[in-house]
Amino acid sequence: GALDEAPGSGLSTDEPLTSLDDITSYNNFYELGTRKRDPSDWAHQLQTDPWTLSIEGEVNKPGEFDLSDVIRPDELEQRIYRLRCVEAWSMVIPWVGFELRKLLERHEPTDRAKYVVFESIHDPDNLRGQRRGIIDWPYREGLRMDEAMHPLTLLAVGLYGKPMPNQNGAPIRLVVPWKYGFKSIKSIVRIRLQEERPVSAWEAMSPEEYGFYANVNPHVDHPRWSQARERRIGEPGRRETLMFNGYEEEVAHLYEGMDLEKHF
Amino acid sequence: MDHQKTAIHGFRVLVLVACATPALWLVWAWFNAGLGANPAEAVVHFTGRFGLALLLATIALGPAFRLSGWVGFMVARRQLGLWAFFWLVAHALAWMGLDQYWDWPWIWQDLWGLEYIRYGLAGLVLLVPLALTSFRAAQQALGRSRWQWLHRLVYLSAALGVVHFWILTRADYRDVVIYGAVLAALAAFRLGCAVVDRR
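Residues numbered from 1 in each chain as written. Chains lettered and ligands numbered in written order. Predicted model: local features only at pLDDT ≥ 70, side-chain atom pairs only at ≥ 80, totals over all residues. Heavy atoms only, no water.

Draft legend 1. Main features of the overall build of chain B. Along the backbone of chain B there are ten helices and zero strands. The secondary structure elements of chain B, listed N-terminal to C-terminal, are α-α-α-α-α-α-α-α-α-α. At 18 Å, chain B has a C-alpha radius of gyration in line with the 16 Å of a compact globule built from 199 residues. In terms of overall dimensions, chain B has a C-alpha envelope of 50 × 35 × 35 Å along the principal axes. Restricting to contacts in chain B with at least 6 residues of sequence separation, those with at least 24 account for 67%. Accessible area of chain B: about 11400 Å², with a carbon and sulfur share of 70%. For chain B, the distance from the average position of its 16 positive side-chain charges to the average position of its 9 negative side-chain charges is 18 Å. (Helix = DSSP H or I, 4+ residues; strand = E, 2+ residues; numbered from the N terminus. Rg over C-alpha atoms; globule rule 2.2 N^0.38 Å. Contact = heavy atoms within 4.5 Å. Areas by Shrake-Rupley, 256 points an atom, 1.4 Å probe, with all protein chains shown as cover. Lys, Arg positive; Asp, Glu negative; His and termini not counted. Charge placed at Lys NZ, Arg CZ, Asp CG, Glu CD.)

Below you can see the structure in the form of structure tokens.
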């Protein structure tokens, strides 16, 4: 099918892949519980069929779309990206997906579109994590327009050549590899373009800990722990964290002139 | 009388099994890929949580004796306290060895740079004099009242442990609130007893 035959990409890393077992059993997806094992244990609570994606706000072609209308098989690629969690662990994951900019361009952003806001599914009847007010549900994230239009920014619909496992954010999720993992919002139901900068879910909860940009940066520590090093899952010991998670060459220009200690 | 001795003996064996079995399980699971995707983190978390739970259980033996009058609770107190110390030392060693990989410059930097590490370490260091004076000879050398005063530091140590856990918690505070509430209840009971005894 389209997923396991998706062509590779020059933007992929050639580092050894994290095992499928680790990728699917060690997850932060609070909709399904806060322990790392919860999302895989409770994955069945996420209903992904049918799935409607709403595209709205500052676009000429807004609307509600069935997932099958959003995914164009010929646009799918395999992208092997590093994923760096704000909790100082990392993985290497072979995503299958397509560039977010392709979807946005199809819906024709207006001149006033400065930011993209994403919203996850809100279904407290089924998702056990959403019955507790740990986060102000639904989960929300946002990108600046130039970040959203960057070729590295992916909407992923699968990994390891298979449909996205529920615990990893089925059926469609964001992947922004130079930012901490929490920016890569899972199980997206709404994409909204707007002029004002949005406030993301973690930022709303604790703005001094989780900035809007959340770029991977070994020189700016989280207030409670260090971000200088990370544990690569499946590997003993720790390795040094790279600026922009190793995507400095591709994305550093987006933040030229910005004080990254202030805009963390 | 024999019945009483058997019950005390049985309780001591129970404490031994309850405190030692998880260590055997942890070693087995470590070598048999039974600890999930991040085994170092699993060991650090388990040793810390279990050690703090045992410390609270040790504190709870005093109230348990007071409420039940059963001397077995007091007989097992030193044993349980030393197990708590054992698990919390294991926690610190697991952090240094499995998490930081014995990288001393990094360990040193985290010790001074990270608040939660400082609180945790302070709580553990406070337990050292308690462990060293837990034996009868030390108790007699110190004298009853000085020994008791010293061993009240266990409340401070447990409080530092809860603070350490609190700082580390991300968003979901349920578990750490349970630890904190148990400690608060035990401290309140102790203070209540002190007031009653003074009358």
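Draft legend 2. Geometry of the sheet that holds strand β6 (residues 140-144) of chain A. All names here are of chain A. Strand order in the open sheet formed by five strands is β2-β1-β10-β5-β6, with mixed pairing between adjacent strands. The two strands at the open ends of the sheet, each matched to only one other strand, are β2 (63-66) and β6. The sheet shows a mean angle of 20° between the axes of neighbouring strands, direction not considered. In this structure, strand β5 (residues 115-120) lies alongside β6, joined through five bridges in antiparallel fashion. When the bridges of β6 are listed, Glu119 appears paired with Arg140. (Pairing = 2+ DSSP bridges. Axes fitted to C-alpha atoms, helices over the stretch in contact; angles between N-to-C directions.)

Draft legend 3. Local environment of the environment of B:Val15. Residues and elements named next belong to chain B. Take Val15: it is sitting in helix α1 (residues 2-31). Spatially, the C-alpha atom of Val15 lies 22 Å from that of Gly161, the residues being 146 residues apart in sequence. Sequence-distant contacts of Val15, that is, excluding residues within four places in its chain, are made with Ala76, Gln79, Leu80 and Trp83.

Draft legend 4. Seen up close, the nonpolar core. Counting 87 residues, the largest nonpolar core has A:Trp95, A:Phe118, A:Ile172, A:Leu174, A:Trp178, A:Ile188 and A:Ile191 as the members making the most contacts within it. No other element matches strand β4 (residues 89-99) of chain A, which puts six residues into this core. With sequence-adjacent residues up to four places away left out, A:Trp95 is seen in contact with A:Glu77, A:Gln78, A:Arg79, A:Tyr81, A:Leu154, A:Ala156, A:Gly158, A:Leu159, A:Met164, A:Arg173 and A:Val175. In terms of nonpolar packing, the next biggest core, distinct from the first, is built from 37 residues, B:Val15, B:Ile59, B:Ala84 and B:Leu127 among them. (Core = buried A, V, L, I, M, F, W, Y, C linked by side-chain atoms within 4.5 Å. Buried < 20%, exposed > 50% of the residue type's maximum accessible area, 1.4 Å probe, protein only.)

Draft legend 5. Quick look at the UniProt feature "domain: Ferric oxidoreductase" (unreviewed entry) in chain B. Following the UniProt record, the feature "domain: Ferric oxidoreductase" (unreviewed entry) maps to residues 47-161 of chain B here. Along residues 47-161 of chain B, the helical share is 88% and the strand share 0%, with 12 Å between the first and last C-alpha atoms. (UniProt positions renumbered as here; feature names shortened; annotations may be inferred.)

Draft legend 6. Region of interest: the interface of chain A and chain B. Taken together, the contact pairs 25 residues of chain A with 22 residues of chain B. Across the interface of chain A and chain B, roughly 1900 Å² is buried in total on both sides, 47% from carbon and sulfur atoms. Taken together, the links from chain A to chain B amount to five salt bridges. Here A:Glu87 and B:Arg170 are joined by a salt bridge, their closest N and O atoms 2.7 Å apart. Counting the contacts that link chain A with chain B gives 13 residue pairs in polar contact (both at pLDDT 80 or more). (Buried area = accessible area lost by both parts, 1.4 Å probe. Salt bridge = Lys/Arg side-chain N within 4 Å of Asp/Glu carboxyl O. Polar contact = N/O pair within 3.5 Å; in protein donor to acceptor, adjacent residues only side chain to side chain.)

Draft legend 7. Summary view of helix α9 (residues 153-168) of chain B. Residue and element names in this part refer to chain B. With 16 residues, α9 should reach 22 Å at 1.5 Å per residue; the first-to-last C-alpha distance of 23 Å fits that figure. Inspection of α9 places Val154, Tyr155, Ser157, Ala158, Leu160, Gly161, Val162, His164, Phe165 and Ile167 among the buried residues, and these make up the whole buried set. Lining the buried residues of α9 we find α2 (39-68), α4 (77-99), α6 (115-132), α8 (144-151) and α10 (174-198). (Expected span 1.5 Å × (residues − 1).)

Draft legend 8. Geometry of a nonpolar patch on the surface. On the surface, B:Val13, B:Leu16 and B:Val17 cluster together into a nonpolar patch covering about 230 Å² of accessible area. Along the chain, B:Leu16 falls in helix α1. (Patch = residues over 30% accessible without salt bridge, like charges linked within 9 Å, V, L, I, M, F, W, Y side chains within 5 Å.)

Draft legend 9. Geometry of the UniProt feature "transmembrane region" (unreviewed entry) in chain B. Residues and elements named next belong to chain B. Mapped onto the present numbering, the UniProt feature "transmembrane region" (unreviewed entry) falls on residues 12-31, 51-73, 80-96, 116-137, 149-170 and 176-196. Annotation note: span residues 12-31, helix share 100%, strand share 0%, distance between end C-alpha atoms 29 Å. The span residues 176-196 carries 100% helix and 0% strand; its end-to-end C-alpha distance comes to 30 Å.

Draft legend 10. Representation of the packing of α6(B) against α9(B) in the model. Residue and element names in this part refer to chain B. Direction vectors running N to C along α6 and α9 enclose 160°, while the axes themselves pass 8 Å from each other. Compared by their axis directions, α6 and α9 come out roughly antiparallel. The handedness of the crossing between α6 and α9 comes out as left-handed. Between α6 and α9, the contacting residues are Glu115, Tyr116, Ile117, Tyr119, Gly120, Ala122, Gly123, Leu126, Leu127 and Leu130 on the first element and Leu153, Val154, Leu156, Ser157, Leu160, Val163, His164, Ile167 and Leu168 on the second. Here the residues of the contact of α6 with α9 are counted per class, giving 14 nonpolar, four polar and one charged. (Parallel < 35°, antiparallel > 145°, perpendicular 65-115°, else oblique. Left-handed = near helix turned anticlockwise from the far one by under 90°. Nonpolar A, V, L, I, M, F, W, Y, C, P; charged D, E, K, R; others polar.)

Draft legend 11. Structural context of the packing of aromatic side chains. Taken as a whole, this structure holds 22 aromatic pairs over all chains when the rule is applied. Geometrically, the ring pair formed by A:Tyr81 and A:Tyr247 is edge-to-face, given 5.9 Å between the ring centres and 75° between the ring planes. A residue pair is termed long-range when its members are at least 10 positions apart, and A:Tyr81 in strand β3 (residues 77-84) and A:Tyr247 in the loop between β12 (239-240) and α7 (248-251) qualify at 166 residues. Judged by its relative accessible area of 3%, A:Tyr247 is buried. With centroids separated by 6.0 Å and ring planes inclined at 35°, the aromatic side chains of B:Trp102 and B:Trp104 adopt a geometry described as tilted. Here B:Trp102 falls in the partly exposed class, since its relative accessible area comes to 44%. Through pairs of rings, three or more aromatic residues link up here, namely B:Trp25, B:Phe46, B:Phe50, B:Trp83, B:Phe86 and B:Trp87. Directly above the ring of A:Tyr26 sits A:Lys36, whose terminal nitrogen or CZ lies 5.5 Å from the centroid. Here the basic side chain of A:Arg82 rests over the ring of A:Tyr247, its NZ or CZ set 4.4 Å away from the ring centre. (Phe/Tyr/Trp six-rings, centres within 6.5 Å; stacked < 30°, edge-to-face > 60°. Lys NZ or Arg CZ within 6 Å of the ring centre and 35° of its normal.)

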